Amino acid sequence: MTDYPIDMSVAPIVTPFFDPATHTISYVVRDPGSTACAVVDSVMDIDYAAGRITYDHADAIIAHIREHGLTLEWIIETHVHADHLSAAPYIQAALGGRIGIGDGIMVVQDTFGKIFNEGTEFQRDGSQFDALFKDGDVYHVGTMPVVALHTPGHTPACMTHVMGDAAFVGDTLFMPDGGSARADFPGGDAGVLYDSIQKVLSLPDATRLFMCHDYGPNGREIRWETTVAEERAHNIHVGGGKTRAEFVAFRTARDATLAVPQLIIPSLQVNMRAGVMPTDKDGRPMLKVPVNGL
Ligand SMILES: [Fe+2]
């Protein structure tokens, strides 16, 4: 990874916020050299059956940032999540900051714009976001450089954000005993996911890896932090030198058995709009269900 300005001597302060409803971990990441911070993968609470949204999870993040006197510079989405709704615009309204995602968002918007039969008013150019990252782009949180690495396979827009000795991998990897995320969503590809995982595992051994999800396999407590060395040695799907062909065969067979995520229908409609609810012709927040359309 010598092409990228990765500085293992910079150790950002990472505060996790676990959402038990969706098993998502959101993070506040603070530049050790200033009061600047970023939020990675926030969650908006939804009771889908009731059509009701609330913001307890995001409010805890906002309170933390205010209590510590931090300046929010970036609100990062590692990808277009299919299992929870982003609270990025709610946090931005409270604290400022720019909302960023990988430029693969345009592929996702095109795919799901068709599935949800969105009209021409739905832009498919990523313009709902404040910044679109390309592979290898460098941006800053305060004084800390961040490298955005394109790590597709789970979805086309997936990126891993490397901040000093910490990397936020989204759904590219799970904890070693959790393996990897599914690769069967539209635009997903198990072989491409394997290549992206190898890219993450080529970071320095001691890199701290922060997961977007943990489901506590086999009844263990929820965990979200591991290292490149741990994943390379012990990840049950790719560790110990598993080949690309082995991974693709395993991942494809496993994905065929997985149920559709409970919140995929609201999540995609909201997250492909950078966390903004779609509206009906009268401007009221309104979600669609494409019957037999997914
Ligand atoms: Fe995901």
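In this text, all values refer to a predicted model and were calculated from it rather than measured experimentally. (Residues numbered from 1 in each chain as written. Predicted model: local features only at pLDDT ≥ 70, side-chain atom pairs only at ≥ 80, totals over all residues.)

Across its full length, the chain holds 7 helices and 14 strands. For 294 residues, the compact-globule formula gives about 19 Å, and the C-alpha radius of gyration of the chain, at 18 Å, lands near that figure. Out of the 294 residues belonging to the chain, those deemed buried represent 45%. Contacts in the chain between residues far apart in sequence, at least 24 positions, make up 68% of those at least 6 positions apart. (Helix = DSSP H or I, 4+ residues; strand = E, 2+ residues; numbered from the N terminus. Rg over C-alpha atoms; globule rule 2.2 N^0.38 Å. Buried ≥ 20, exposed ≤ 12 C-beta atoms within 10 Å, placed from the backbone. Contact = placed C-beta atoms within 7 Å.)

Next up on the list: unusual backbone geometry. The phi dihedral of Asn117 falls on the positive side, at around 45°, and the residue is not glycine. Relative to the helices and strands, Asn117 is located in the loop between α3 (105-115) and β8 (131-133). For Asn117, a count of 10 C-beta atoms within 10 Å translates into the label exposed. Despite not being glycine, Asn292 has its phi angle at roughly 55°, a positive value. Residue position: Asn292 is located in the segment after α7 (264-271).

Now for the sheet that holds strand β14 (residues 225-227). Read from one edge of the open sheet, 6 strands run β9-β10-β11-β12-β13-β14, paired in mixed fashion. Only two strands of the sheet have a single partner each, and these edge strands are β9 (137-141) and β14. When strand polarity is set aside, the average angle formed by the axes of neighbouring strands in this sheet is 30°. The pairing of strand β10 (residues 144-150) with strand β11 (residues 159-163) spans 5 bridges and is classified as antiparallel. Across the sheet, residue Val146 finds its bridge partner in β11, namely Met163. (Pairing = 2+ DSSP bridges. Axes fitted to C-alpha atoms, helices over the stretch in contact; angles between N-to-C directions.)

On to the nonpolar core, then. Counting residues in each nonpolar core, the largest one holds 74 residues, and the members touching the most others are Val29, Cys37, Val39, Ile91, Val141 and Ala167. Non-local contacts of Val29, meaning those with residues more than four positions away in its chain, are made with Pro12, Val14, Cys37, Ala38, Val40, Val141, Met163 and Ala166. (Core = buried A, V, L, I, M, F, W, Y, C linked by C-beta atoms within 7 Å.)

Right, let's talk about the sheet that holds β8 for a bit. The 6 strands are arranged β1-β2-β3-β6-β7-β8 in an open sheet whose pairing can be described as mixed. Edge strands, defined here as strands with exactly one partner in the open sheet, are β1 (13-19) and β8. The sheet shows a mean angle of 25° between the axes of neighbouring strands, direction not considered. Both strand β2 (residues 24-30) and strand β3 (residues 36-40) contribute to a ladder of 4 bridges, which runs antiparallel. When the bridges of β3 are listed, Arg30 appears paired with Cys37. Its contacts with the sheet put helix α2 (residues 88-95) on β3, β6 (71-76) and β7 (98-102), and the angle it makes with β6 is roughly 165°.

A separate point is the pairing of β2. For β2, a buried count of 7 out of 7 residues is recorded, marking the element as mostly surrounded by other parts of the structure. Covered by surrounding structure in β2 are Thr24, Ser26, Val28 and Arg30 together with Ile25, Tyr27 and Val29, the residues of both alternating faces. Of the pairings in the sheet, the one linking β1 to β2 comprises 7 bridges and is antiparallel in character. Counted as the bridge partner of Val14 is Val29 from β2. Connecting β2 to the next strand, β3, in antiparallel fashion are 5 residues.

Next up on the list: the UniProt feature "domain: Metallo-beta-lactamase" (unreviewed entry) in the chain. Cross-referencing UniProt, the feature "domain: Metallo-beta-lactamase" (unreviewed entry) maps to residues 23-213 in the present numbering. Measuring from the first to the last C-alpha atom of residues 23-213 gives 6 Å, for a span that is 23% helix and 29% strand. (UniProt positions renumbered as here; feature names shortened; annotations may be inferred.)

Turning our eyes to something else, we now look at α3. Of all the positions in α3, only Ile105, Val108, Gln109 and Phe112 are classed as buried. When α3 is viewed along its axis, its buried side chains cluster within an angular range of 100° and face the same direction. Residues of α3 that are buried in the fold lie against β7, β8 and α7. Positive backbone phi, approximately 45°, marks Asn117, located one or two places after α3. (Arc of directions from axis to C-beta.)

Our next topic: the packing of helix α1 (residues 56-67) against α2. Packed helices, taken two at a time, are described by the angle their axes make and the gap between the axes. Across the interface, α1 lies against α2 with an axial gap of 10 Å and an inter-helix angle of 30°. In terms of orientation, α1 lies roughly parallel with respect to α2. Between α1 and α2 lies a crossing of right-handed hand. Packed against α1, whose contacting residues are Ala58, Ile61, Ile62 and Ile65, the element α2 presents Tyr90, Ile91, Ala94 and Leu95 at the interface. Class assignment of the residues belonging to the contact of α1 with α2 gives a composition of 8 nonpolar, no polar and no charged. (Parallel < 35°, antiparallel > 145°, perpendicular 65-115°, else oblique. Left-handed = near helix turned anticlockwise from the far one by under 90°. Nonpolar A, V, L, I, M, F, W, Y, C, P; charged D, E, K, R; others polar.)

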